[in-house]
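So the chains spell out like this:
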Amino acid sequence: MKIDARGLSCPQPVLLTQQALKASPATVEVLVDNKTAEGNISRFAAKAGYKVSSREENEEFILTLTK
C-alpha cells in the first residue's frame, strides 16, 4: 500500500497513515516532502507497532512501515 502525502501539512499525513493502518497491512510506504511529517509519522507508526525505515530522495522522504 502506498500513501502520497506530499504537499500536505500536518496533521493530514499522519491522519492518512492512521487510516491506512486500520486495515493492519504488512507494509505501507508513505511519501512526504517535509521533515516534520516524516518525524510525526515515524513516531505514530512506532507507537502502532510498526518498524519504520526512512530514506531521503530528492528532498522527499520515503517511509516504509513494516508490521
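Nothing here was measured: the structure is a model prediction, and the numbers come from that model. (Residues numbered from 1 in each chain as written. Predicted model: local features only at pLDDT ≥ 70, side-chain atom pairs only at ≥ 80, totals over all residues. Heavy atoms only, no water.)

### Structural notes on helix H2 (residues 35-47)
Rules: Put simply, DSSP H or I for four residues or longer makes a helix, DSSP E for two residues or longer makes a strand, and each gets a number counted from the N terminus. A helix is expected to reach a length of 1.5 Å times the quantity of its residues less one. Think of it in three bands: residues with accessible area under 20% of the maximum for their type are buried, residues over 50% are exposed, and the middle band is partly exposed, with areas taken using a 1.4 Å probe on protein chains only. Pairs of N or O atoms are called polar contacts if they sit within 3.5 Å, as long as, within protein, a hydrogen donor faces a hydrogen acceptor (for residues adjacent in sequence, only side-chain-to-side-chain pairs).
The end-to-end C-alpha distance of H2, which contains 13 residues, comes to 19 Å, matching closely the 18 Å that a straight helix rising 1.5 Å per residue would cover. Listing the buried residues of H2 in full gives Ala37, Glu38, Gly39, Ile41, Ser42 and Ala45. At the N-terminal end of H2, a side-chain oxygen is found 3.3 Å from the backbone nitrogen of threonine 36, two or three residues along, and the residue is asparagine 34. Of the residues one or two after H2, glycine 49 is the one with positive phi, at around 90°.

### A short note on the environment of leucine 21
Quick note on the threshold: Contact criterion: two residues are considered in contact whenever any of their non-hydrogen atoms come within 4.5 Å of each other.
Locating leucine 21 in the fold gives a position in helix H1 (residues 12-21). Given the relative accessible area of 9%, leucine 21 is considered buried. Leucine 21 sits 39 residues away from glutamate 60 along the chain, and the two C-alpha atoms are 21 Å apart. Setting aside residues up to four positions removed in sequence, leucine 21 forms contacts with Val28, Phe44, Ala48, Tyr50 and Leu65.

Remember, this is a structural readout, not a statement about activity or role.
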